[in-house]
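Per-entry structural report
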Amino acid sequence: MDYIVKGFKDALNLLVSFDKEVFSIVSLSLFVSITATIIGSLISVPLSVYFGIKEFRWKKLFSRITYTMMSIPTVVIGLVVVIILARKGPFGRFDLLYTRKAMIIAQVLLVSPYVFGLTYGLAKSRGEIIEKIGLALGANRLEIIVLIIRELKVDILVNVATSFSRAISEVGAVMIVGGNIKHHTRVITTTISMMNSMGDYPMAIALGIILILISFVIHSIIYSYSEEK
Amino acid sequence: MNIEIRNVEKYYGDNQVLDIDYLNIEKEKITGITGPNGCGKTTLLNIIGGLDKEFLGEVFYDNNKFSKKVKQAMTIVFQKPYLLKRTVYENIEYPLKLRNMNKKESKAKVLDVMKKLEITDLMDKRGNKLSGGESQKVALARALVFNPKLLLLDEPTSNIDPEYIVTMENAITQFNLKNKGTIIIVTHNIQQSERLCHAVINMNRGKIQT
Ligand SMILES: Nc1ncnc2c1ncn2[C@@H]1O[C@H](COP(=O)(O)OP(=O)(O)O)[C@@H](O)[C@H]1O
Ligand SMILES: [Mg+2]
């Protein structure tokens, strides 16, 4: 039991002393996942609204594929990115493997289907009435998509936040493409996983606490925002 | 805007809900559509309004087919209006923004139409926080504000307090007289159609009754 108590005590010490290493690991985690979430959302939100309100053949099949994409394991995404970015791969000459850029690319691929799937479902169920209003008042395609995004912005932000949580808390993809290199590609989850296998608990616990705090803060902001809508 | 309907049929699966051989709706007039629930009034309005494109037959607008230009020149006020999650003022301003009107000009128009419909005091309220009747007033204002050539109204006074119906009807009549707007109004209320309309079309089971 002692090691648990000690683990927590040392973890708190690391936190209150603003340990430099902890701080840089957390910053990198935030940077990678926030960047990936922003890029992924900028692409996925308009597209998902577009497809959500559009009628086309095979839409049911399209929906099923969309929802399947959401549950692709993160290691698989990591693997795909590794294959593409590896020296011998199609993008090998950019030398991106084991860099922060590679981690962002992997997380964009992870976040996008998630934001897309959630927002696609939202637009499918609640977009039609807004589309009708837009059409009735003379809006064109693009203006209708903008209108729907504005009308559903709170729900869309919740989707984005949910996807960010998934990104920052996943370990498979960033581990494979980033390689957990100290001071370079080491993020919260890869550190926890490594410290755990080394039996070094305080750092792992400290980072675990921070991960939970990040999630808590995000969902609190979203919650208070959706309350006042 | 003159409307001509030729051989229009609409099916939901095997269920035919509309069957109109020929119908001409005169321009610059107020035409009423009456008939029992489920006879196809809303369906017809959606087809004329270009919102429903899955039908057989043809609709002509001043002898033209449906186009972007036609679309920009008309609007429809739904039975259950949906207001945007912004202020009433911004709701009414929205169609003017779509038409790139400058702020000053659009402000004058919005204030004017709010005054006509006696909703100036609702100005800063959120559109999604209004009652059914208030929403209908704002939806009518949002349609009148950009001066459409064709105005389609689907039971626009169904949730309105009796003493207020006159205000709405006056706004509709005035719009027709002053702006030469063509109006098609679906109504359950026979007296209302007699008060407002130059012509009335009776529908039953998807057909025009003569
Ligand atoms: N989306 C739909 N799917 C199937 N049937 C529909 C749909 N919309 C309307 N209908 C049917 O079409 C008929 C005409 O409806 P509608 O035009 O709304 O009638 P009204 O406005 O005159 O009350 C009704 O029988 C209704 O049940
Ligand atoms: Mg109806």
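Structure shown above.
Keep in mind it's a predicted model, so treat the numbers as computed, not measured. (Residues numbered from 1 in each chain as written. Chains lettered and ligands numbered in written order. Predicted model: local features only at pLDDT ≥ 70, side-chain atom pairs only at ≥ 80, totals over all residues. Heavy atoms only, no water.)

**Some points on the overall build of chain A**
To be explicit about the condition: Think of it this way: any DSSP run of H or I at least four residues long counts as a helix, any run of E at least two long counts as a strand, and we number them from the N terminus. To sort residues, take the accessible area from a 1.4 Å probe on protein chains only and compare it with the maximum for the residue type: under 20% means buried, over 50% means exposed, and anything in between is partly exposed. Contacts are assigned to residue pairs with any non-hydrogen atoms lying within 4.5 Å of each other. Only the protein chains shown count as cover for residues, and the accessible areas themselves come from Shrake-Rupley with a 1.4 Å probe.
Secondary structure assignment for chain A yields 10 helices and 0 strands. For chain A, the sequential pattern of α-helices and β-strands runs α-α-α-α-α-α-α-α-α-α. With the C-alpha coordinates aligned to their principal axes, the bounding extent of chain A is approximately 65 × 50 × 25 Å. Burial statistics for chain A: of 229 residues in total, 46% are counted as buried. When contacts within chain A are restricted to residue pairs at least 6 apart in sequence, those whose partners lie at least 24 apart make up 75%. Of the roughly 12,100 Å² of accessible surface on chain A, 69% is carried by carbon and sulfur atoms.

**Focus on the sheet that holds strand β2 (residues 15–25) of chain B**
Hydrogen bonds along the backbone pair up the strands of a sheet, which may run parallel or antiparallel. All names here are of chain B. What counts is decided by this rule: By the convention used here, strands pair only if DSSP detects at least 2 bridges between them. Lines are fitted to the C-alpha atoms to define the axes, a helix being fitted only along its stretch in contact, and any angle between axes, read from their N-to-C directions, falls within 0 to 180 degrees.
Judged by pairing direction, the sheet is antiparallel, and its 3 strands sit side by side in the order β2-β1-β4 without closing on themselves. The open sheet is flanked by β2 and β4 (56–61), the only strands paired with a single partner. Adjacent strand axes in the sheet meet at a mean angle of 15 degrees when their direction is disregarded. Sheet strands in contact with helix α1 (residues 41–48) are β1 (3–12), β2 and β4, and its direction is about 60 degrees off that of β2.

**Re the nonpolar core**
Keep this limit in mind: The set of buried Ala, Val, Leu, Ile, Met, Phe, Trp, Tyr and Cys residues whose side-chain atoms join them within 4.5 Å is what this entry labels a nonpolar core.
If you look at the biggest cluster of nonpolar residues, it comprises 106 residues, and the most contacted ones within it are Ile3, Ile5, Leu44, Ile48, Ile92, Leu117 and Ile119 of chain B. Ranked by the residues each element gives to this core, the list is headed by helix α5 (residues 100–137) of chain A, at 14 residues. When neighbours within four sequence positions are excluded, Ile92 of chain B is seen to be in contact with Val110, Val113, Met114, Ile119, Val138, Ala141, Arg142 and Val145 of chain B. Residues Ala11, Phe164, Leu207 and Ile222 of chain A belong to the second largest nonpolar core, which totals 21 residues.

**Observations regarding the coordination of the magnesium ion (ligand 2)**
Residues and elements named next belong to chain B. The following threshold applies: Donor selection uses N, O and S atoms within 2.8 Å of the metal (3.2 Å for Na, K and Ca). Since no water is included, sites may look incomplete.
Here the magnesium ion (ligand 2) is held by Thr42 (OG1) and Gln79 (OE1), and the distances to it run 2.0 to 2.6 Å. With a gap of 37 residues between them, Thr42 in helix α1 and Gln79 in the loop between β5 (74–77) and α3 (88–98) connect regions that are remote in the sequence. According to the relative accessible area criterion, Thr42 is partly exposed, its value standing at 31%.

**Examining the interface of chain A and chain B**
Formally: By convention, the term buried area covers the 1.4 Å-probe accessible surface removed from two parts as they join, with the contributions of both added. Criterion for a salt bridge: a side-chain nitrogen of Lys or Arg within 4 Å of a carboxyl oxygen of Asp or Glu. Under this definition, polar contacts are N or O atom pairs within 3.5 Å; protein pairs additionally need one hydrogen-donor-capable and one acceptor-capable atom, and for neighbouring residues in sequence, both atoms have to be side-chain atoms. Residue classes follow a fixed rule: Ala, Val, Leu, Ile, Met, Phe, Trp, Tyr, Cys and Pro count as nonpolar, while Asp, Glu, Lys and Arg count as charged, and any other residue, Gly among them, counts as polar.
The partner chain B presents 20 residues to the 16 residues of chain A that form the contact. Taking both partners together, chain A and chain B bury about 1,800 Å²; carbon and sulfur atoms supply 57% of that area. It is Ile133, Leu137 and Glu151 of chain A that lose the most area in chain A upon contact with chain B, and together they represent 36% of the buried surface on that side. Our count for the contact surface shared by chain A and chain B stands at 0 salt bridges. Counting across the interface, chain A meets chain B through 6 residue pairs in polar contact (both at pLDDT 80 or more). Listing elements by their share of the side of chain A that touches chain B, those giving two or more residues are α5 and α6 (141–151) of chain A. The element that contributes the greatest number of residues to the side of chain A that touches chain B is α5 of chain A, accounting for 8 residues. Counted by class, the side of chain A that touches chain B contains 8 nonpolar, 2 polar and 6 charged residues.

**Considerations on the environment of Leu130 of chain B**
Residue and element names in this part refer to chain B. Tracing the sequence through the fold places Leu130 in the loop between α4 (103–116) and α5 (132–144). Separated by 42 residues in the primary sequence, Leu130 and Val88 place their C-alpha atoms 9.2 Å from one another. Excluding its chain neighbours within four sequence positions, the residues that come into contact with Leu130 are Leu83, Val88, Leu122, Lys125, Ser135 and Val138.

**Let's talk about the sheet that holds strand β6 (residues 150–154) of chain B**
All names here are of chain B. Spatially, the 6 strands line up as an open sheet ordered β5-β6-β7-β3-β8-β9, and their pairing is mixed. Both outer strands of the open sheet, β5 and β9 (207–209), are each paired with one neighbouring strand and no more. Between one strand axis and the next, the sheet turns by 25 degrees as a mean value, whatever way the strands run. Taken together, the 5 bridges between β6 and strand β7 (residues 182–186) define a ladder with parallel strand orientation. The residue bridging Leu152 from the neighbouring strand is Ile184, located in β7.

**Considerations on the state of the cysteines**
By definition, a disulfide is the covalent link that joins the sulfur atoms of two cysteine residues. Residues and elements named next belong to chain B. Formally: Disulfides are defined as pairs of cysteine sulfur atoms found within 2.5 Å of each other.
Enumeration over the complete set of coordinates arrives at 0 disulfides over all chains. The thiol sulfur of Cys39 is not disulfide-bonded, and the nearest other cysteine sulfur, from Cys197, lies at 15 Å. Relative accessible area serves as the criterion here: at 2%, Cys39 is assigned to the buried category.

**Details of the pattern of salt bridges**
Residue and element names in this part refer to chain B. Taken as a whole, this structure holds 12 salt bridges over all chains when the rule is applied. Here Lys103 ties to Glu93 by a salt bridge, and the two come within 3.2 Å at their closest N and O atoms. Remark: Glu93 occurs in helix α3 and Lys103 occurs in helix α4; sequence separation between them is 10 residues. Lys103 sits in the exposed class, given a relative accessible area of 58%.

**Concerning the site of ligand 1**
Residue and element names in this part refer to chain B. Using the following cut-off: When at least one non-hydrogen atom of a residue lies within 4 Å of a molecule or strand, that residue is treated as near it.
Taken together, Tyr12, Val17, Pro36, Asn37, Gly38, Cys39, Gly40, Lys41, Thr42 and Thr43 form the complete shell of residues around ligand 1. In the model, an oxygen atom of ligand 1 is placed 3.3 Å from a nitrogen or oxygen of the Cys39 main chain. One nitrogen or oxygen atom from the main chain of Lys41 is found 2.9 Å from an oxygen atom belonging to ligand 1. Burial of ligand 1 by the surrounding chains reaches 58%, relative to a free accessible area of 570 Å².

**Digging into the layout of surface pockets**
For clarity, the cut-off: Computed over the protein atoms alone on a 1 Å grid, cavities are sets of points where a 1.4 Å probe fits but cannot get out and pockets are open sets with protein on both sides within 12 Å along at least five of seven lines; a residue lines them when it has an atom within 4 Å of a point. Grid points are joined across faces, edges and corners, and a volume is the space filled by probe spheres set on the points.
For the largest pocket, the calculated volume is near 840 Å³. Of all elements in the fold, only α2 (20–53) and α5 of chain A together with β1 and α1 of chain B reach the threshold of two or more residues within the lining of the largest pocket. Of all the elements, α5 of chain A adds the most residues to the lining of the largest pocket, at 7 residues. Of the residues assigned to the lining of the largest pocket, the class counts are 7 nonpolar, 8 polar and 13 charged.

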